Amino acid sequence: MKQLQAYFEFTTLKTSWRQEILGGFTTFISMAYILFVNPSVLGAAKMNPGAVFTASALASAFACFVMGIVAKYPIASAPALGINAFFAYSVCVGMGVSWQTALAGVFVASIIFLLITIFKLREAIINAIPADLKFAISAGIGMFIAFIGLHQGGLVAASKSTVVTLGSFSTPSTWITIIGLIVTAALMVLRVPGAIFIGMVIATIFGMVTGLIAVPTHWVSAAPSLAPTFGVALHHVTEINTLQLWVVVLTFLLVTFFLILPVP
Amino acid sequence: MGGGVNLFISDVFFDTAGTLVGLAQQAGYIKNNQMPRVGKALLADSTGMMVGSLLGTSPVGAYVESSAGIAVGGRSGFAAVTTGICFLLALFFSPLLAVVTSQVTAPALIIVGVLMAQNLRKIAWEKLEIAIPAFLVVVGMPLTYSIADGMSLGFIMYPITMLFAKRGKEVHPLMYGLFFVFIGFIWILNY
């Protein structure tokens, strides 16, 4: 224990086990929504939701451990909202690329990303793109995922005459979104940690009470099998051989840059 | 992006582009505009992205939500380790997937969208050579239902408006390169 405390520099950082564990747990509660949102988003690309759930939890844990143990920062990572939307809606649904090939594209992009990180080319590339466009990309991705949310929640619907229109409030399931949105908004304004997660819990309870969501027979089980997605990226790497797919790889790189890169 | 750090210090919360720097600042790590061990921090995300692609998930990135943990006292890497352990424990709660429907996750998408849209105020709207390409990126993404298409529209327009504003020299050569890359991208999509 003493060695661990020394490794994580508890004395210098004026921190304690209690503070660290509470901090880590609070962060988890605040971002746990991604474990359920990601299978839903990647499900649009026909990926197996159970496998995506397990893969997302494992990849997040891995990145958190590297960040905590190697970089020693109290910063947690998980599959990013926005990039997953790009993966599912732009690449798979929009361009008609299979999720297997798209995953291979992410793998290739991650190798390039790793090299760029190691060779410190990051700043050069980041500096080339004007700040205004970086902010526009972040904001645009925000608009895009909000649009997806509004559509999935039933608040916005397609319309032949006006392209899009207000959704129907007589659809019962839309009320799950409305309740969830109001609760989450209120908790966000109050700056309650884990507001998004709590909002999801309350919306789910509302759905169960009203019978819109079936109550599960059990709450705990073994982790869903990774078999549908594990290693698929490697087997499809050779498919990254067209100009179109290289552009996909490049865009993965660019989008990832904007969402997660620090600007020193 | 000289002075980028200062830019982000003023907005620690919910800044996607500067997530790592913003969080490190909040935790008190940034001294003299330098983020120590930045390479190692980046390694976490790039290796996470690689591991994620092999397991079967989309790219991993640092979460601004870490600011909640820092706010309640998390300072060292052990806070991130704790979060990682929580993710492993979460593996056993997969039956919840069936009850968390897309109507339940929709508010998360909308609210995170709001947080990301806060970046809008940092755009120099008064300069049309900036405002036009930036606007095309912002509205292009939802209206074309594609992040890449939205980016293309803005990245193609940017060198054009900058040249006509006689600010062509301020445009980085890489941006002129991307101008052709994105024209090619749109061409391929329509081919």
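Residues numbered from 1 in each chain as written. Chains lettered and ligands numbered in written order. Predicted model: local features only at pLDDT ≥ 70, side-chain atom pairs only at ≥ 80, totals over all residues. Heavy atoms only, no water.

1. Looking at the overall build of chain A
A count of helices and strands for chain A gives 12 helices and 3 strands. Dimensions of chain A, computed from the C-alpha atoms along their principal axes, are close to 60 × 50 × 40 Å. Burial analysis of chain A (264 residues in total) assigns 58% to the buried set. Counting only contacts in chain A whose residues sit at least 6 apart along the sequence, the fraction spanning at least 24 positions is 62%. Split by element, the accessible area of chain A, about 10,500 Å² in all, is 71% carbon and sulfur. Averaging the locations of the 10 positively and 5 negatively charged side chains of chain A gives two centres separated by 7 Å. (Helix = DSSP H or I, 4+ residues; strand = E, 2+ residues; numbered from the N terminus. Buried < 20%, exposed > 50% of the residue type's maximum accessible area, 1.4 Å probe, protein only. Contact = heavy atoms within 4.5 Å. Areas by Shrake-Rupley, 256 points an atom, 1.4 Å probe, with all protein chains shown as cover. Lys, Arg positive; Asp, Glu negative; His and termini not counted. Charge placed at Lys NZ, Arg CZ, Asp CG, Glu CD.)

2. Observations regarding the domain arrangement of chain A
Interface size is often expressed as the accessible area that is lost when the parts come together. All names here are of chain A. Domain assignment breaks chain A into domain 1 (1-77) and domain 2 (80-215 + 232-259). The straight-line distance from the C-alpha centre of domain 1 to that of domain 2 is 20 Å. Across the boundary between the two partners, domain 1 contributes 16 residues, which contact 16 residues of domain 2. Counting the surface lost from both domain 1 and domain 2, the interface buries some 1,300 Å², and carbon and sulfur atoms represent 79% of this. Looking only at domain 1, the three residues that lose the most surface to domain 2 are Y33, V41 and M47, adding up to 36% of its buried area. On inspection of domain 1 and its partner domain 2, the count reaches 3 residue pairs in polar contact (both at pLDDT 80 or more). Looking at the side of domain 1 that touches domain 2, the elements that each hand over two or more residues are α2 (17-31) and α3 (34-43). Residue contributions to the side of domain 1 that touches domain 2 peak at 7 residues, all from α3. (Domains from an automatic or database assignment. Buried area = accessible area lost by both parts, 1.4 Å probe. Polar contact = N/O pair within 3.5 Å; in protein donor to acceptor, adjacent residues only side chain to side chain.)

3. Some remarks on the layout of surface pockets
Once rolled over the atoms, a probe with the size of a water molecule shows which space is left empty. Computed from the structure, the second largest pocket encloses a volume of approximately 350 Å³. Elements represented by at least two residues in the lining of the second largest pocket include exactly α2, α3 and α10 (195-209) of chain A together with α5 (77-90) of chain B. Of all the elements, α10(A) adds the most residues to the lining of the second largest pocket, at 5 residues. Classifying every residue of the lining of the second largest pocket gives 19 nonpolar, 1 polar and no charged. Two domains each provide a minimum of three residues to the lining of the second largest pocket, namely domain 1 (1-77) and domain 2 (80-215 + 232-259) of chain A. (1 Å grid on protein atoms, 1.4 Å probe; cavity = no way out; pocket = protein on both sides within 12 Å on 5 of 7 lines; lining within 4 Å. Points joined across faces, edges and corners; volume = space filled by probe spheres on them. Nonpolar A, V, L, I, M, F, W, Y, C, P; charged D, E, K, R; others polar.)

4. Focus: the pattern of salt bridges
Side-chain pairing between opposite charges can occur once the charged atoms of the two side chains come close. All names here are of chain B. In total, this model carries 3 salt bridges over all chains according to the counting rule given. Between E129 and R167 there is a salt bridge, and its shortest N-O distance comes to 2.7 Å. Of this pair, E129 sits in helix α7 (residues 128-144) while R167 is found in the loop between α8 (147-164) and α9 (173-190), placing the two residues 38 residues apart along the sequence. Accessibility assignment for this pair places E129 and R167 in one class, buried. Salt-bridge contacts for E170 lead to R167; the nearest nitrogen and oxygen are separated by 2.9 Å. Salt bridges linked by common partners bring E129, R167 and E170 together as one network. (Salt bridge = Lys/Arg side-chain N within 4 Å of Asp/Glu carboxyl O.)

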